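Structural overview for review
Residues per chain are reported as follows:
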Amino acid sequence: MDVYDKLREHLDKLPGGYPATDSGVEIRILKRLFTPEQAELALSTTLMPEPAGAIAQRAGISEEEAEKRLMEMTRAGLIFSVESEGRPTLFMASSFVVGIWEFQVGRLTEGLVKDAQEYQPHLFDLDTWSKEPQLRAIPIGANIRVEGGAMPYEQAEEIVKQQKKIALMPCICRQEHHIAGGNCQKPEEVCLAFGTGAYYYLNNNLGREITQEEALEVLKTADKAGLVLQPGNSQKVQNICCCCGDCCGVLLAYKRHPKPADICHSPYIVKFDPDECTNCEICIERCQMDVFSEGDDVVSLNLNKCIGCGLCVTTCSGEALSLVRKPEDQIPPVPGNIIETNINILKIRGLL
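What this report covers is the structure whose coordinates are included nearby. (Residues numbered from 1 in each chain as written. Predicted model: local features only at pLDDT ≥ 70, side-chain atom pairs only at ≥ 80, totals over all residues. Heavy atoms only, no water.)

**With respect to the overall build of the protein chain**
Going by this rule: What counts as a helix is a DSSP run of H or I of at least four residues, what counts as a strand is a run of E of at least two, and both are numbered from the N terminus. To sort residues, take the accessible area from a 1.4 Å probe on protein chains only and compare it with the maximum for the residue type: under 20% means buried, over 50% means exposed, and anything in between is partly exposed. Residue contacts are counted whenever heavy atoms from the two residues lie within 4.5 Å of one another. Residue burial considers only the protein chains on display, and all accessible areas are found by Shrake-Rupley using a 1.4 Å probe. Under this rule, positive means Lys or Arg and negative means Asp or Glu; His and the chain ends count for nothing. To locate a charge, take NZ of a lysine, CZ of an arginine, CG of an aspartate or CD of a glutamate.
Along its length, the protein chain carries 17 helices and 13 strands. Dimensions of the protein chain, computed from the C-alpha atoms along their principal axes, are close to 70 × 45 × 40 Å. Considering the protein chain as a whole, with its 352 residues, one finds that 52% of them fall into the buried category. For the protein chain, restricting intrachain contacts to residue pairs at least 6 apart in sequence, the fraction spanning at least 24 positions comes to 70%. For the protein chain, the accessible area works out to roughly 16100 Å², and carbon and sulfur atoms hold 48% of it. Within the protein chain, the 50 negative side-chain charges are centred at a point lying 3 Å from the centre of the 35 positive side-chain charges.

**Some words on the packing of helix α4 (residues 52-59) against helix α5 (residues 63-75)**
The condition that has to hold: Comment: axis = line fitted to C-alpha atoms, over the contacting stretch for helices; angle = value between 0 and 180 degrees taken between N-to-C directions. Between 65 and 115 degrees an angle is taken as roughly perpendicular, under 35 as roughly parallel, over 145 as roughly antiparallel, and anywhere else as oblique. Classification used: nonpolar for Ala, Val, Leu, Ile, Met, Phe, Trp, Tyr, Cys and Pro, charged for Asp, Glu, Lys and Arg, polar for all others including Gly.
In contact at an axis separation of 8 Å, α4 and α5 are set at 110 degrees when each is read in the N-to-C sense. Relative to α5, α4 is oriented roughly perpendicular. On α5, the residues touching Ala52, Gly53, Ile55 and Ala56 of α4 are Glu63, Ala66, Glu67 and Leu70. Taken together, the residues that form the contact of α4 with α5 break down as five nonpolar, one polar and two charged.

**Digging into the side chain of Thr89**
Here Thr89 shows up in the loop between β2 (80-82) and β3 (90-92). Leaving out residues up to four positions away in the same chain, Thr89 has contacts with Glu50, Pro51, Ala52, Glu67, Met71, Ser81, Val82 and Glu83.

**Description of the packing of aromatic side chains**
Stated formally: Think of it this way: a Phe, Tyr or Trp ring, Trp meaning its six-membered ring, pairs with another when their centres are within 6.5 Å, and the plane angle makes it stacked under 30 degrees, edge-to-face over 60, tilted otherwise.
If you walk through the whole model with that rule in mind, you get nine aromatic pairs. Put simply, the rings of Tyr18, Phe96, Trp101 and Tyr119 touch in pairs and so form one group of aromatic residues.

**Topic: α4**
Short version of the rule: Arc definition: directions from the helix axis to the C-beta atoms.
Every buried residue of α4 is listed here: Ala52, Ile55 and Ala56. Angular distribution of buried residues about the axis of α4 spans 105 degrees; they occupy a single face of the element. Of the residues trailing α4, Gly60 is marked for its positive phi of about 75 degrees.

**Digging into the pattern of salt bridges**
Filter applied, for reference: Here, a salt bridge means any Lys or Arg side-chain nitrogen found within 4 Å of an Asp or Glu carboxyl oxygen.
A complete count under the given rule lists 17 salt bridges for this structure. Between Arg28 and Asp115 there is a salt bridge; the shortest N-O distance is 3.3 Å. With Arg28 in helix α2 (residues 25-33) and Asp115 in helix α7 (residues 110-123), this residue pair connects regions lying 87 residues apart in the sequence. On the accessibility criterion, Arg28 (34% relative accessible area) is partly exposed. You can call Asp115 buried: its relative accessible area is 5%. Between Arg208 and Glu189 there is a salt bridge whose closest N-O contact spans 2.8 Å. A residue pair is termed long-range when its members are at least 10 positions apart, and Arg208 in strand β7 (residues 208-210) and Glu189 in strand β6 (residues 189-194) qualify at 19 residues.

Shown next as structure tokens:
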């Protein structure tokens, strides 16, 4: 079997998956990103962070050679690493999404983008995603009206206030969209990484370090621009993506589903009071999921499309819109950390 076919199978056994297609576009993508030697070494990485020596033993090469090549792969965004001063660097496999693709920020090419857009409809397994997604949606805006309360990990501002190390990066999806000839006008440098994730982006020159105060300003920018907040699906959050319905692969996948509200993990849904609606139609412009449409005297809603992001609530000119908490039996539990999330996904996919 060709090394790239082996690598495809290897990536498909990771939480994000990497399915085969009839066209073979997934192999073309791998050939654009990995040299044959890098593809071969990637086969010896696992989801467990390990020193180079452990990977070298499986790969049948020297520890020195493995360290050198693994670091080159880290810098190319092909694997994940944990770098701590005074300690050996640890290396681990990375899913294609969320992972390798996002690590290509700032180095996309027209050919890679063309292949990625062809592959995108095959990549998101919405059946698995509906049971345990990699990302979830949370409300935007510190003063948003939410009935029923919110947990700290459901509030973007509270998530940011818990962080000590924060990186700010351009949005890979909007970079992809622009290279493909799109004209999205949403701000680009708005995606946040925290903790270990932040160190990775900073060590590999994929983003810049910012303070808590600056990160809170990013959230305000996202609200003003009408961007959906999607943190990682865990209580210990490592990232918040600020997403638009034109470019984001996740939101575009949701839009292909007849009832996005059923598959997006969000504890909220919008509540509409037609008596308070001024028919200003700002919500139509703001909503990234096309929940709202023109009506006769008030706007019309399709709640099957609502993912509870709250973008419509923060700018409603009247008091017509608010977020309400779904019944508890309709709110999926949020895993404690990314390890738990990955284990859950692998079990759902029958890989554990």
